[in-house]
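Okay, here's what each chain looks like letter by letter:
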Amino acid sequence: MGTINRLPEAVRNTVRSGTVLFDLTRVVEELVFNSVDAGATKVFVYVGVCNCYVKVVDDGSGISRDGLVLLGERHATSKLGHLADMDDATGIGTFGFRGEALASISDVSLLEIITKAHGRPNGYRKVMKGSKCLYLGIDDERKDVGTTVVSRDLFYNQPVRRKYMQSSEDELLCTCSSSSPLALLISSFGIEDFSFLDEVNANDGALEISGYISSPYDSISVKAFQYVYINSRYVCKGPIHKLLNHLAASFDCSDSWKANNGFLKGKRSKSQACPAYLLNLRCPHSLYDLTFDPLKTHVVFKDWEPVLAFIERAIRSAWMKKIAH
């Protein structure tokens, strides 16, 4: 993870700020994003819904004392330093919000950060509330490099939000790291045969798409297995999903290929075509906005036309290669 610095005023005025933390799930998401951005290979999440408690422990790079001084202040971040970073297609590997998440969490809870950076003899601890530092000093509770973030009494000043939090402390999710998303599909969906999925890899300058998709005639009956990510962040159904379903419904190829693949036997109508896919589109952050939606799962591109045209070319090419093979 890079050095934590205050964003220059020019960048502050350009970047849309003010991340909205409206429930416990969003708090956990932002903390986990920070762990991933810190290079963590293991992240443990502890949640006590009944007492409004969240704890996230990682084995990431840790935070130096100088970085901890700024941590939690508005517009202090390691994720963005210059306006050019927003257009750098190679520098889009960060997930967490740019310098707002921890400050927002401290606004609605008692926030504690315990961290130890690589090569440093001591660990440090910082306690915040209302975006103000209550304590900062040496703390050797952590023996290994990494960071522990604890949010206590979450939404103490927003009783309406707390009212909707329900008590549940079961283990909800456990995954293992993998170089391919297909391993996660086995554990999450119980799908063991992936022969119906074909790999997609294409790029066109700043745009790059990768993942897996079924052929237009190897479709599923429902739209349950359709996942699109923008820079590895999940987005809800939108123009990209609509495009892919339309392409499958209108795609045409030789009758012999249809017959060999059992399409004619199934007599599936074009309106029923629902391809299965798991796709990730990489592009500069400056091309789109996620902050119109509090959940940040709806994406709005400044210009949809070149994006959709690129995706269409990539998917059609993948399907034609399948036919040729």
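Structure: see above.
Residues numbered from 1 in each chain as written. Predicted model: local features only at pLDDT ≥ 70, side-chain atom pairs only at ≥ 80, totals over all residues. Heavy atoms only, no water.

1. A closer look at the pairing of strand β5 (residues 110-116)
The element β5 is extensively covered by neighbouring structure, given that six of its seven residues are classed as buried. Pairing between β5 and strand β6 (residues 124-129): six bridges, direction antiparallel. Within β6, the position partnered with Glu-112 by the bridge is Val-127. Strand direction decides the pairing type here: β5 and strand β8 (residues 146-152), joined by seven bridges, are antiparallel. Pairing of Leu-111 across the sheet is with Ser-151, part of β8. (Buried < 20%, exposed > 50% of the residue type's maximum accessible area, 1.4 Å probe, protein only. Helix = DSSP H or I, 4+ residues; strand = E, 2+ residues; numbered from the N terminus. Pairing = 2+ DSSP bridges.)

2. Looking at the environment of Arg-161
Along the chain, Arg-161 turns up in helix α5 (residues 159-163). Distance in space between the C-alpha atoms of Arg-161 and Phe-22 is 7.0 Å, their sequence separation being 139 residues. Aside from chain neighbours lying at most four places away, what touches Arg-161 is Leu-21, Phe-22 and Phe-155. (Contact = heavy atoms within 4.5 Å.)

3. Quick notes on the sheet that holds strand β7 (residues 132-138)
In space, the six strands of this open sheet follow the order β2-β3-β8-β5-β6-β7, with antiparallel pairing throughout. Here the strands that pair on one side only, and so sit at the sheet edges, are β2 (43-48) and β7. On average, each strand axis in the sheet is inclined to that of its neighbour by 10°, with strand direction left out of account. Pairing analysis gives six bridges linking β2 to strand β3 (residues 53-58), with the strands arranged antiparallel. Counted as the bridge partner of Val-45 is Val-56 from β3. (Axes fitted to C-alpha atoms, helices over the stretch in contact; angles between N-to-C directions.)

4. With respect to the side chain of Arg-142
Its place among the elements puts Arg-142 in the loop between β7 and β8. Among all residues touching Arg-142, those that are not within four sequence positions of it are Val-57, Asp-58, Ile-114, Thr-115, Lys-116, Thr-147 and Thr-148.

5. Looking at unusual backbone geometry
Positive phi values are uncommon outside glycine, yet Asn-231 reaches one of about 50°. Within the secondary structure, Asn-231 is located in the loop between β11 (226-230) and β12 (233-235). Even without being a glycine, Ser-232 presents a positive backbone phi close to 70°. Within the secondary structure layout, Ser-232 lies in the loop between β11 and β12. Assessed through its relative accessible area of 37%, Ser-232 is described here as partly exposed.

6. Notes on helix α10 (residues 304-324)
If you check α10, its first and last C-alpha atoms are 30 Å apart, about what 21 residues at 1.5 Å a residue would give, namely 30 Å. Of the positions making up α10, those classed as buried are Val-307, Leu-308, Phe-310, Ile-311, Ala-314, Ile-315, Ala-318, Trp-319 and Ile-323. A distance of 3.2 Å separates the backbone nitrogen of Glu-305 from a side-chain oxygen at the start of α10, and that oxygen is part of Asp-303. (Expected span 1.5 Å × (residues − 1). Polar contact = N/O pair within 3.5 Å; in protein donor to acceptor, adjacent residues only side chain to side chain.)

7. Details of the packing of aromatic side chains
A complete count under the given rule lists five aromatic pairs for this structure. Ring centres of Tyr-288 and Phe-301 lie 5.4 Å apart, and the angle between their planes is 50°; on these two criteria the pair is classed as tilted. Of this pair, Tyr-288 sits in strand β14 (residues 288-289) while Phe-301 sits in strand β15 (residues 300-301), and the two are 13 residues apart along the sequence. In this pair, the class of Tyr-288 matches that of Phe-301, namely buried. One aromatic cluster is present, built from ring pairs that chain together Phe-225, Tyr-227, Tyr-229 and Tyr-234. Taking the ring centre of Tyr-156 as reference, the NZ or CZ of Lys-129 above it sits at 4.5 Å. (Phe/Tyr/Trp six-rings, centres within 6.5 Å; stacked < 30°, edge-to-face > 60°. Lys NZ or Arg CZ within 6 Å of the ring centre and 35° of its normal.)

8. Quick notes on the pattern of salt bridges
Under the definition given, this model contains six salt bridges. Between Arg-26 and Glu-29 there is a salt bridge; the shortest N-O distance is 3.0 Å. Note that Arg-26 and Glu-29 are positioned in helix α2 (residues 24-37) at a spacing of three residues, about one turn of the helix. Taking the relative accessible area as the measure of exposure, Arg-26 reaches 3% and is therefore buried. Looking at Glu-29, the relative accessible area reads 26%, which means it is partly exposed. Each of Arg-26, Glu-29 and Glu-30 takes part in salt bridges that share partners, so that together they form one network. (Salt bridge = Lys/Arg side-chain N within 4 Å of Asp/Glu carboxyl O.)

9. What to know about α2
Because each turn of an α-helix spans 3.6 residues, side chains separated by three or four positions in sequence point in the same direction. For α2, spanning 14 residues, the distance from its first C-alpha to its last is 20 Å, which sits close to the expected 20 Å at 1.5 Å a residue. Most of α2 sits inside the fold, with ten of its 14 residues counted as buried. Buried residues in α2 make contact with β2, β3, α4 (101-107), β8 and β12. Positive backbone phi, at 80°, marks Gly-39, one or two positions downstream of α2.

All we've got here are geometric facts, nothing functional implied.
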